[in-house]
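The chain contents come next:
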Protein chains: 2
Amino acid sequence: MRLALAQINGTVGDLRGNTRKIIEYLERARGEGANLVAFPELAITGYPPEDLLLKPDFIRENLACLEEIARASRDLIAIVGFVDRAEDLYNAAAVLYDGRLAGVYHKQFLPNYGVFDEDRYYRAGTETPLFVIGGIACGVSICEDIWYPTGPTALQAQAGARLLVNINASPYHRAKRLGRERMLGTRAADNDVIVAYVNLVGGQDELVFDGASAIFDQSGNLVARAKSFAEDLLVADVDLGAVFRARLHDPLLRKIPRPALPVLTLGPLPGPEPPASRTARVEPAPGPLEEVYRALVLGTRDYVGKNRFEAVVIGLSGGIDSSLVAAIAVDALGPQRVVGVWMPSRYSSQGSQDDARRLAENLGIRLLTLPIEGPFRAVLEALEPHFAGLQPNETEENIQARLRGLYLMALSNKFGWLVLTTGNKSEMATGYATLYGDMAGGFAVIKDVFKTLVFALCRDLNARAGREIIPESVLAKPPSAELRPNQKDVDSLPPYDVLDPILQAYVEEDVLPEELVARGAPPDAVERAVRLVERSEYKRRQAPPGVKITPRAFGRDRRLPITNAYRPASVEKGG
Amino acid sequence: MRLALAQINGTVGDLRGNTRKIIEYLERARGEGANLVAFPELAITGYPPEDLLLKPDFIRENLACLEEIARASRDLIAIVGFVDRAEDLYNAAAVLYDGRLAGVYHKQFLPNYGVFDEDRYYRAGTETPLFVIGGIACGVSICEDIWYPTGPTALQAQAGARLLVNINASPYHRAKRLGRERMLGTRAADNDVIVAYVNLVGGQDELVFDGASAIFDQSGNLVARAKSFAEDLLVADVDLGAVFRARLHDPLLRKIPRPALPVLTLGPLPGPEPPASRTARVEPAPGPLEEVYRALVLGTRDYVGKNRFEAVVIGLSGGIDSSLVAAIAVDALGPQRVVGVWMPSRYSSQGSQDDARRLAENLGIRLLTLPIEGPFRAVLEALEPHFAGLQPNETEENIQARLRGLYLMALSNKFGWLVLTTGNKSEMATGYATLYGDMAGGFAVIKDVFKTLVFALCRDLNARAGREIIPESVLAKPPSAELRPNQKDVDSLPPYDVLDPILQAYVEEDVLPEELVARGAPPDAVERAVRLVERSEYKRRQAPPGVKITPRAFGRDRRLPITNAYRPASVEKGG
């Protein structure tokens, strides 16, 4: 049997466009001689459609699209994610056979944690059908249905399914693919079954889907893998006879009572008899740093592209954050669509200016210069009567950051460019950023990347390129906001190599401060970090979206009240 | 039996403070001779605690607080909302008797729609116990458990409960109380049972809880009601013997098989024998406009107070929105804690200046003046080389709005004042507002109030005060942003009396554009409104929180993707 996994990059809400793309891939799969082609979870609507699901016309239109796809699906079986409506809504997989909708599977395990809100929209499925095609039983399932060793896919295999097709929209975070492939291989081996895992690819607001669709044989070996972070059609031949032979040697499986599942018997396997089995393609997966970088590139490209911006504009400070964002933007969009702006203040150093210039040269992008001194002086003058006798403090620093934000937004308004912000996760966590200043913009590319990882990504980028993209001087100098004379980040924050592990454990894993100290973190750094995290929620609430690359990003992934008097015990005492 | 409903205003996360308040009310109830006192849903943690629930120390601390409350609960029964932990989390009600935790009820119907995410945190309860106190059966339940005619509270009544205590944290929206009281009265009458409904009161980020706790007799009559929008201890005597007598006359109820529920038998009714029954207090509920106004006042007061701001600052334009926000702030905080700022531009009219002055006088608040002309000129000059040859457009309008935002934030930074923004729901819906400009601030008081309702609230405010608070000239003039010569809102938007009903139906009820036209709305206004709503999601995502007063507010209540290619059919064609 020849399988095709259509790892497509659709757009949420673009029902007609997604449908066109599905039909195009369906025809390519047919051209490759595939007997079955599978598309990702909610391929028709895009994922996640969120409250669009509450609009009846949206559901109706998605059903009309499914009919159109069904008509296009002759000569092969197509598995397509859509929203089913049967007095309630279901996250569903359609089994299209012979040009019609032959069967439907309803997702049973609805995620409602982290970034997911599926209980908000769907009723959970309760039926676990088997589809028998040409006498061979197959199981269809959606995403988390395969995560549980005793879940519906295990039942399908125990009832005789030789092939499990699992369709997904699995948001990326670092190293997630490793655990996923291990789990899928285990499910395949445990049940002596072939697992075909098709994943979505592309960016959608905060989320990136990494693709890397894969097929596992009945021994749990990964035998085919699609590209990461790119559309792909993965075609592979699977030996369903080998599954039967393997089961004859599995004493445990043969003793498990066969569950009685509803069976939908379809006709013969459509499409050509597969020719001599081809060796399947196993795309290499990127290394741990390149993986993050490519997620950021794809997330940025799709946010810009799907929201139809021609170009992006980035304030370049000569620092490492804006340098990385500019490099990502150039990889996402090409240098012609990226504009840098150097906005010096009275505190900007010559070194920073040189670094911003050099970066722009390395990337081949335009660099505008817009000094803020004139408006800064005018603002200080206007405020003077009200601020008389008061010392300069963060207020004056924020005014500078906000004037830069104002410039960038003026360029955005005048030329239609999207402003990319450059704050990293260390800053978002601690609130070391100016609301409406450096936080002003439409997309926060590296908001989920800790500062230490920013450095690592830049070094890796230069190493992979074999040349200097991020100027070496940018990598060498201590981080500074340059909003007052001789300012350094370490004046306000613990050093990043101390801070970041604290933030990672506290923000992403809810590790208690006392536990962090017990693990060896300096108590004062822990206390400062926790206090800053707790008091910055209001800033994060008004931040633009950015690419999630960790298990818990700020945004929909981590939902804390702004009004919140809770403080972990050790901080309460210390504060 | 004497009941006390303790309608308290706690703070999310302030476990110790909430516990002190609960014990204080418990003692007051004891002083009033109550046999039973009930507190709102999640009274210990505050509602909603959101992802604080994922912190194990938070759960542990909440359990320690419950023990402390139990020890303080001698001589009366206390029903207290808390988070129970039993290998999983439950939204729970504790039954405290004789100084100890005697029983627990787990919420069964977990809301996971609108603003609610309870499936994210809790496992649903499955047991429906009866508590027998002094030989009399009572049912305890939480919030939506009483909404369903066949739900757990009906079972409790059918099994013999004469009193149903239902604890709540029910977020306010307009006119919600009416439907709630009707439903509760029906449940009481249907089951010949006394219903004691205790609600939370107070503001928490986007939400306001309106209180208005109430008791319904076995005929469904409302016999006691607590204050709306204020803390209260409602004490009332209920006649449980009358319930039994009524049931002897209910042929239907007597034929329903008695469900077998788990029974927890407690000792005698604690506390004094109630003296001769007192007539219970029925607080009047505010009228439809006053109700909204008081919700806005309470939401503002609590956001400011619970986040520990000393004062607020508001940009006063002389327009109706900022006038209403200033009036609300003064009612919430007193005139000493409210600062107005008049920030004229070259396009500001003398009339607007007079109106801002007059409003400040009427309210008795300070008014600062901060012209934006100097910085505006400096910014235009700096941008001139890049904008050469281009016509002024929205860019220059936004620069003015952003300079005002920058001024307000500078005042906020320097003096610690919270900036209140003044945009209304018509503006939030259509994106008729400047991100980082007039949208810059910590709390958006009227973001859920349509413009036509802004006018109505102002007129009602003046009428109730019996004097001019909002200047008559503000009410009379056509709305204008005054960002270019002779600008009027109607140049950019349909008239508000046409626009608002369209927005209301489209945003809050997902009514289709074609249906709106069929109902008589002008097609061009529908199309414009829908297109503006759909393209403004990115602005709303970065808006500050504000008080929810409608069934569907922007924010956590309405979750739409920013990247979203879906357009309702009639708009797609028209566009």
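Please read all numbers here as calculations on a predicted model, not as lab measurements. (Residues numbered from 1 in each chain as written. Chains lettered and ligands numbered in written order. Predicted model: local features only at pLDDT ≥ 70, side-chain atom pairs only at ≥ 80, totals over all residues.)

Concerning the overall build of chain A
The helix and strand inventory of chain A stands at 20 helices and 20 strands. Taking 2.2 N^0.38 as the reference for a compact globule, 575 residues should give roughly 25 Å; the C-alpha atoms of chain A span a radius of gyration of 27 Å, in line with that estimate. Out of the 575 residues belonging to chain A, those deemed buried represent 57%. In chain A, once contacts between residues fewer than 6 apart in sequence are set aside, the share between residues at least 24 apart is 74%. (Helix = DSSP H or I, 4+ residues; strand = E, 2+ residues; numbered from the N terminus. Rg over C-alpha atoms; globule rule 2.2 N^0.38 Å. Buried ≥ 20, exposed ≤ 12 C-beta atoms within 10 Å, placed from the backbone. Contact = placed C-beta atoms within 7 Å.)

Overview of the interface of chain B and chain A
Listed per partner, the contact involves 67 residues of chain B and 67 residues of chain A. Those elements that place two or more of their residues in the side of chain B that touches chain A are α1 (15-31), α2 (56-71), α7 (288-306), α10 (373-387), α11 (394-415) and α19 (537-541) of chain B. With eleven residues, α11 of chain B is the largest single contributor of residues to the side of chain B that touches chain A. Split into classes, the residues belonging to the side of chain B that touches chain A amount to 34 nonpolar, 16 polar and 17 charged. (Nonpolar A, V, L, I, M, F, W, Y, C, P; charged D, E, K, R; others polar.)

Focus on the pairing of strand β8 (residues 163-167) of chain B
Residues and elements named next belong to chain B. Within β8, five of the five residues are buried, leaving the element largely enclosed by the surrounding structure. In β8, alternate side chains face the same way, and those of Leu163, Val165 and Ile167 on one face and Leu164 and Asn166 on the other are all buried. Crossover strand β7 (residues 136-142) to β8 through helix α3 (residues 152-158) is right-handed. Here β8 runs beside strand β9 (residues 194-198); their pairing, made up of five bridges, is parallel. By the bridge assignment for β9, Asn166 is matched with Tyr197. A crossover links β8 with its parallel partner β9, the connecting element being helix α4 (residues 176-190), and its sense is right-handed. (Right-handed = clockwise from strand over helix to strand, strands pointing away. Pairing = 2+ DSSP bridges.)

Quick look at the packing of helix α16 (residues 496-509) of chain B against helix α18 (residues 523-535) of chain B
Residues and elements named next belong to chain B. At a closest axis distance of 10 Å, the pairing of α16 and α18 adopts a crossing angle of 55°. When the axis of α16 is compared with that of α18, the two are oblique. The chirality of how α16 crosses α18 is right-handed. Here α16 contributes Val498, Leu499, Ile502, Leu503, Tyr506 and Val507 to the contact with α18, which in turn contributes Ala525, Val526, Ala529, Val530 and Val533. A per-class count over the contact of α16 with α18 returns eleven nonpolar, no polar and no charged. (Axes fitted to C-alpha atoms, helices over the stretch in contact; angles between N-to-C directions. Parallel < 35°, antiparallel > 145°, perpendicular 65-115°, else oblique. Left-handed = near helix turned anticlockwise from the far one by under 90°.)

A closer look at the nonpolar core
Generally speaking, a soluble globular protein has its nonpolar side chains buried in company with each other. Membership of the largest hydrophobic core comes to 368 residues, with the highest contact counts inside it found for Val80 and Ala196 of chain A together with Val80 and Ala196 of chain B. Leaving out residues up to four positions away in the same chain, Ala196 of chain A has contacts with Leu3, Leu5, Ala38, Leu163, Leu164, Val165, Asn166 and Ile215 of chain A. (Core = buried A, V, L, I, M, F, W, Y, C linked by C-beta atoms within 7 Å.)

Let's talk about the relation of the copies chain B and chain A
Laying chain B over chain A is done by rotating through 180° and shifting 0.0 Å along the axis; what remains is an RMSD of 0.0 Å. In symmetry terms, the pair is related by a two-fold rotation axis. Judged by C-alpha distance, Gln542 of chain B is the residue of chain B that lies nearest the rotation axis, at 2.1 Å. The share of interface residues of chain B whose copies in chain A are also at the interface is 100%, consistent with both copies meeting through the same surface. (Least-squares fit on C-alpha atoms with pLDDT ≥ 70 in both.)

Quick word on the environment of Ala159 of chain B
Residue and element names in this part refer to chain B. Its place among the elements puts Ala159 in the loop between α3 and β8. For Ala159, a count of 19 C-beta atoms within 10 Å gives the class partly exposed. Between the alpha carbons of Ala159 and Gly134 there is a distance of 16 Å; along the sequence they are 25 residues apart. Other than its neighbours up to four places away in sequence, Ala159 contacts Leu130, Arg258, Pro259 and Leu261.

Quick look at the sheet that holds strand β8 (residues 163-167) of chain A
All names here are of chain A. Here seven strands make up an open sheet; going across it, the order is β13-β12-β9-β8-β7-β6-β15 and the pairing mixed. Unpaired on one side and paired on the other, β13 (222-225) and β15 (263-265) mark the two borders of the sheet. Neighbouring strand axes in the sheet, compared pairwise and without regard to direction, differ in orientation by 20° on average. Of the pairings in the sheet, the one linking strand β9 (residues 194-198) to strand β12 (residues 214-216) comprises three bridges and is antiparallel in character. If you follow Ala196 over to β12, its bridge partner there is Ile215.

A closer look at the sheet that holds strand β16 (residues 312-315) of chain A
Residue and element names in this part refer to chain A. With parallel pairing, the five strands of this open sheet are ordered in space as β18-β17-β16-β19-β20. Each of the sheet's edge strands pairs with one partner strand only, and the pair in question is β18 (366-369) and β20 (443-444). Pairing of strand β19 (residues 418-421) with β20 involves two bridges; the strand directions are parallel. Looking at the pairing, Thr421 lines up with Ala444 of β20.

Brief notes about the pairing of β9 of chain B
For β9 of chain B, the tally of buried residues reaches five of five residues, placing the bulk of the element in the interior. Because side chains alternate across β9 of chain B, one face comprises the buried residues Ile194, Ala196 and Val198 of chain B, and the other comprises Val195 and Tyr197 of chain B, equally buried.

Points about helix α18 (residues 523-535) of chain A
Residue and element names in this part refer to chain A. For α18, which comprises 13 residues, the first-to-last C-alpha distance of 18 Å matches the rise-based estimate of 18 Å (1.5 Å per residue) to within 8%. For α18, the set of buried residues is Val526, Glu527, Ala529, Val530 and Val533. Burial along α18 is one-sided: seen end-on, the buried residues are contained in an arc of 165°. (Expected span 1.5 Å × (residues − 1). Arc of directions from axis to C-beta.)

Overview of unusual backbone geometry
Tyr47 of chain A connects to Pro48 of chain A through a cis peptide bond whose omega is -10°. Of note, Pro48 of chain A is situated in the loop between β2 (36-38) and α2 (56-71). Although it is not a glycine, Glu482 of chain B sits at a positive phi angle of roughly 50°. Here Glu482 of chain B lies in the loop between α14 (472-476) and α15 (489-492).

So, the domain arrangement of chain A
All names here are of chain A. Its domain assignment divides chain A into domain 1 (2-265) and domain 2 (288-493 + 537-563). Domain 1 puts 17 residues into the contact, and the matching count from domain 2 is 21 residues. Looking at the side of domain 1 that touches domain 2, the elements that each hand over two or more residues are β10 (201-204) and β11 (207-210). Residue composition of the side of domain 1 that touches domain 2, by class: seven nonpolar, six polar and four charged. (Domains from an automatic or database assignment.)

So, the environment of Thr452 of chain B
Residues and elements named next belong to chain B. Its location among the elements puts Thr452 in helix α13 (residues 451-465). When the 19 C-beta atoms within 10 Å are taken as the criterion, Thr452 is described as partly exposed. Between the C-alpha atom of Thr452 and that of Tyr496, which follows or precedes it by 44 residues, the distance is 6.4 Å. Residue contacts for Thr452: discarding those within four places in its chain leaves Tyr496, Asp497 and Asp500.

Let's talk about helix α11 (residues 394-415) of chain A
Helical geometry note: an α-helix holds 3.6 residues per turn, so side chains three or four residues apart project in the same direction. Residues and elements named next belong to chain A. For α11, spanning 22 residues, the distance from its first C-alpha to its last is 31 Å, which sits close to the expected 32 Å at 1.5 Å a residue. Counting buried residues along α11, 16 of its 22 residues qualify, which places the element largely inside the surrounding structure. Just downstream of α11 lies Gly416, where phi reads positive at about 75°.

Thoughts on the packing of helix α7 (residues 288-306) of chain A against helix α13 (residues 451-465) of chain A
All names here are of chain A. Running from amino to carboxyl end, α7 crosses α13 at an angle of 100°, the nearest separation of the two axes being 10 Å. Here α13 runs roughly perpendicular to α7, going by the angle between their axes. Between α7 and α13, the residues in contact are Leu289, Glu290, Val292 and Tyr293 and Ala456, Leu457, Asp460, Leu461 and Arg464, respectively. Taken together, the residues that form the contact of α7 with α13 break down as six nonpolar, no polar and three charged.

Considering the environment of Ile502 of chain A
Residues and elements named next belong to chain A. If you trace the backbone, Ile502 turns up in helix α16 (residues 496-509). Separated by 81 residues in the primary sequence, Ile502 and Thr421 have C-alpha atoms spaced 24 Å apart. Sequence-distant contacts of Ile502, defined by excluding residues within four places in its chain, comprise Leu516, Ala521, Ala525, Val526 and Ala529.

Some details on the confidence of the model for chain A
On average, residues of chain A carry a pLDDT of 96, and 99% of them reach 70 or more. Confidence estimates for the predicted assembly give a pTM of 0.96 and an ipTM of 0.95. (pLDDT = per-residue confidence, 0-100.)

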